[in-house]
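# Chains, contacts and geometry: an overview
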Amino acid sequence: MDRPEKSEYDAYYERYVSTVADGNIAAILEEQPSELKALFANVTEDRGTFAYEDGKWTLKEVLSHLIDGERIFSYRAFRISRGDETPIEGFEQDGYIENSNANNRTFAELLEEFDLQRRSNVLLINNISDENGKRMGTASGLTISVRGLVYIMAGHVRHHLAILKERYSI
């Protein structure tokens, strides 16, 4: 799947897309669960409820957010790639986290769930034709292509990996 043109997604998402290197997007997506597992390999469970500042998500909530994002972005890519022209509603990420029960889960469980979700999404993405990858749809009131969503998925994880390293010091 080729890199999307900037006209295929809202300027807001450039902060994600720009972090994704050129190359095989499926391979990049396949590597990210291992990157997350390596990052959390030495983080103890008791640190899971650490937030770097009041009102910010805990480490486990960040992982839960990545799982939520993975589901939402792939659902959008799936619908648009199949030619569904129905506008797709947005979602309130903070409300999702409040109801995620993330802090009562283990790192291993959260990382496994992300891995399984991502593996499923890579299978989906590998079977989207080039033509269908260019399909445009509406999500959160914005026009976006399937391949834009795929690159946003990869960039969203890159974005949060950087935050985890910089602000959570892991």
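As shown above, the structure is provided for reference.
Described below are features of the structure shown in this document. Computed from a predicted structure; not experimentally measured.

## Notes on helix 5 (residues 107-126)
- Spanning 20 residues, helix 5 covers 28 Å between terminal C-alpha atoms, matching the ideal 28 Å at 1.5 Å per step.
- When we look at burial in helix 5, the residues that qualify are Phe107, Leu110, Leu111, Glu113, Phe114, Asp115, Gln117, Arg118, Asn121, Val122, Leu124 and Ile125.
- Those residues of helix 5 that are buried are in contact with helix 2 (25-40), helix 3 (59-81) and helix 7 (146-167).

## Focus on the environment of Met136
- Topologically, Met136 is positioned in strand 1 (residues 136-139).
- Sequence separation between Met136 and Leu123 is 13 residues; the distance between their C-alpha atoms is 21 Å.
- Apart from the residues within four sequence positions on either side, Met136 is in contact with Ser7, Glu8, Ile80, Thr143, Ile144 and Ser145.

## A few points about the pattern of salt bridges
- Per the stated rule, a full pass over the model turns up 12 salt bridges.
- For Arg3, the salt bridge goes to Asp22, with nearest N and O atoms at 3.1 Å. Of this pair, Arg3 sits in the segment before helix 1 (14-17) while Asp22 sits in the loop between helix 1 and helix 2, placing them 19 residues apart in sequence.
- On the basis of relative accessible area, Arg3 is assigned to the partly exposed category, the value being 28%.
- Of the residues examined, Asp22 reaches a relative accessible area of 65% and is grouped as exposed.
- We note a salt bridge from Asp84 to Arg79, for which the minimum N-O separation is 2.9 Å.

## Digging into the pairing of strand 2 (residues 142-145)
- Bridge count between strand 1 and strand 2: 4 bridges; the pairing is antiparallel. Across the sheet, residue Thr138 finds its bridge partner in strand 2, namely Thr143.

## Things to note about the packing of helix 2 against helix 7
- In the contact formed by helix 2 and helix 7, the axes pass within 10 Å of each other and the chain directions differ by 25°. Classified by the interaxial angle, the pair formed by helix 2 and helix 7 is roughly parallel. You can see that helix 2 and helix 7 cross each other, and the crossing is left-handed. Between helix 2 and helix 7, the contacting residues are Ile25, Ile28, Leu29, Gln32, Glu35, Leu36, Leu39 and Phe40 on the first element and Val150, Tyr151, Met153, Ala154, Val157, Arg158, Leu161, Leu164 and Lys165 on the second.
- Its residues placed into classes, the contact of helix 2 with helix 7 shows 13 nonpolar, 1 polar and 3 charged.

## Some remarks on the packing of helix 5 against helix 7
- The contact between helix 5 and helix 7 brings their axes to 12 Å, and the two run at 155°. Looking at the two axes, helix 5 sits roughly antiparallel to helix 7. Relative to helix 7, the crossing made by helix 5 is left-handed. Here helix 5 contributes Phe114, Arg118, Asn121 and Ile125 to the contact with helix 7, which in turn contributes Val150, Met153 and Val157.
- Residue classes in the contact of helix 5 with helix 7 are distributed as 5 nonpolar, 1 polar and 1 charged.

Conventions and cut-offs
Residues numbered from 1 in each chain as written. Predicted model: local features only at pLDDT ≥ 70, side-chain atom pairs only at ≥ 80, totals over all residues. Heavy atoms only, no water. Helix = DSSP H or I, 4+ residues; strand = E, 2+ residues; numbered from the N terminus. Expected span 1.5 Å × (residues − 1). Buried < 20%, exposed > 50% of the residue type's maximum accessible area, 1.4 Å probe, protein only. Contact = heavy atoms within 4.5 Å. Salt bridge = Lys/Arg side-chain N within 4 Å of Asp/Glu carboxyl O. Pairing = 2+ DSSP bridges. Axes fitted to C-alpha atoms, helices over the stretch in contact; angles between N-to-C directions. Parallel < 35°, antiparallel > 145°, perpendicular 65-115°, else oblique. Left-handed = near helix turned anticlockwise from the far one by under 90°. Nonpolar A, V, L, I, M, F, W, Y, C, P; charged D, E, K, R; others polar.

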